[in-house]
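Spelled out, the chains give:
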Amino acid sequence: AAVSYTATLDYNAPYNVTSPTIDGYTADKLVVSGNMPASNVIDTVVYRNDVHTLTIHYVYADNTTAHADYVSEYEFSEAYSVVSPNITGYTPNTATVSGTMGTEDVTMTVTYTINSYQVNIHYVADGTTAPEDYSQTYNYGVEYSVASPAVTGYTPDIATVNGTMGTEAVNVTVTYTVNQYNLTINYLYTDNTTAYATHTEQVNYNASYSVTSPTIEGYVASQDVVSGIMPAHDVTETVTYGTDVYT
């Protein structure tokens, strides 16, 4: 506090002493006054800490309210430390508002920015070249939908990777399995009547196939062997048997 004030006054003389200003404190008597009696006068002025208000506003980037304000009173020179509230999917620009209360109210604004996370898709395809991996950033709460790229002759185990972005990265593996297609071989006589039971089998895409035509006595097949590499669709072949010619 301030030093003592001392003065010598005549009996019945008026006195009026303004209490000195001390930053952060308020005197219980702003002025000590009166008329000097027939004795010494001793008066005491007590200084108490000023109280000020700490207000913290919590807002999103567009200045809309993110959380209820924090309002509390602190004495002059009192330390304060206020942890910013957790809001799922957002990060505050000030994790903790801290300091020491000065000689006036304190108002702070904490701004929350939306978090973003990665969607990572790894594509695997045995026997062929897989599509390039997918990696994209999405904001928290945003829906994502990623169609698996087409690979000729293969089918992905997940046609579309979709969901709503949470609070961590999304890692997905899409596996492509080779397709099988039907190989059908019809065996007919020249009049289109059946010469032999139809041959059917399933063959993987891009795999080779070779089927020997059955022998039918007295007839000659138009193809001794039906062969090829399976495309990305069913294959139907016809082997025609004509009458054998003898000399």
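What you are looking at is a predicted structure, and each value in this text was computed from that prediction instead of being measured. (Residues numbered from 1 in each chain as written. Predicted model: local features only at pLDDT ≥ 70, side-chain atom pairs only at ≥ 80, totals over all residues. Heavy atoms only, no water.)

Participant: Explain the packing of aromatic side chains to me, please; I cannot follow it from the model alone.
Facilitator: Geometry of an aromatic ring pair is reported as the spacing of the ring centres plus the angle between the planes. One pass over the structure, following the stated rule, counts eleven aromatic pairs. Ring geometry for Y90 against Y140: centres 6.4 Å apart, planes inclined by 70°, an arrangement best described as edge-to-face. Of this pair, Y90 sits in strand β8 (residues 90-92) while Y140 sits in the loop between β12 (134-139) and β13 (143-147), placing them 50 residues apart in sequence. Y140 sits in the partly exposed class, given a relative accessible area of 27%. On the basis of an interplanar angle of 90° and a centroid distance of 5.9 Å, the ring pair of Y187 and Y196 is categorised as edge-to-face. For Y187, a relative accessible area of 3% puts it in the buried group. On the basis of relative accessibility, which here comes to 41%, the residue Y196 falls in the partly exposed class. Grouped by ring-pair contacts, the aromatic residues Y60, Y90 and Y140 constitute a single cluster. (Phe/Tyr/Trp six-rings, centres within 6.5 Å; stacked < 30°, edge-to-face > 60°. Helix = DSSP H or I, 4+ residues; strand = E, 2+ residues; numbered from the N terminus. Buried < 20%, exposed > 50% of the residue type's maximum accessible area, 1.4 Å probe, protein only.)

Participant: I keep staring at the environment of E201 and nothing clicks. Help me out?
Facilitator: One can find E201 in strand β18 (residues 194-204). You can call E201 partly exposed: its relative accessible area is 31%. A sequence separation of 198 residues divides E201 from V3, and the C-alpha atoms of the two residues are 109 Å apart. Setting aside residues no more than four positions away along its own chain, E201 makes contact with Y181, N182, L183 and V211. (Contact = heavy atoms within 4.5 Å.)

Participant: What is the right way to read the environment of T173 from this model?
Facilitator: Residue position: T173 is located in strand β16 (residues 170-178). Given a relative accessible area of 43%, T173 falls into the partly exposed group. The spatial distance from the C-alpha of T173 to the C-alpha of G34 is 90 Å, given a sequence separation of 139 residues. Beyond its immediate chain neighbours, meaning those up to four positions away, T173 contacts H122, V124, D157 and I158.

Participant: Mind showing me how you'd approach the pattern of salt bridges here?
Facilitator: Side chains that differ in sign of charge can pair as their charged atoms come close. Following the criterion strictly, the structure yields one salt bridge and no others. Between D43 and K29 there is a salt bridge, and its shortest N-O distance comes to 2.7 Å. Placement of D43 in the loop between β3 (31-35) and β4 (47-49) and of K29 in the loop between β2 (25-27) and β3 is noted, with a sequence separation of 14 residues between them. Take K29: its relative accessible area is 30%, and that puts it in the partly exposed class. (Salt bridge = Lys/Arg side-chain N within 4 Å of Asp/Glu carboxyl O.)

Participant: Please clarify how the sheet that holds β18 should be interpreted in this entry.
Facilitator: Paired through their backbone hydrogen bonds, the strands of a sheet run either parallel or antiparallel. Sheet architecture is open: four strands sit in the order β18-β17-β22-β20, paired in mixed fashion. Each of the sheet's edge strands pairs with one partner strand only, and the pair in question is β18 and β20 (219-221). Pairwise comparison of adjacent strand axes, ignoring direction, gives a mean angle of 20° for this sheet. Sheet analysis places β20 next to strand β22 (residues 235-243), joined by three bridges and oriented antiparallel. (Pairing = 2+ DSSP bridges. Axes fitted to C-alpha atoms, helices over the stretch in contact; angles between N-to-C directions.)

Participant: Sorry if this is basic, but what is going on with the side chain of D50 here?
Facilitator: Inspection of the secondary structure assignment puts D50 in the loop between β4 and β5 (51-60). Despite its burial, D50 remains without a salt bridge, the nearest opposite charge being carried by R48 at 10 Å. Setting aside its immediate chain neighbours within four residues, D50 contacts G24, Y25, T26, Y74, E75 and F76. (Lys, Arg positive; Asp, Glu negative; His and termini not counted.)

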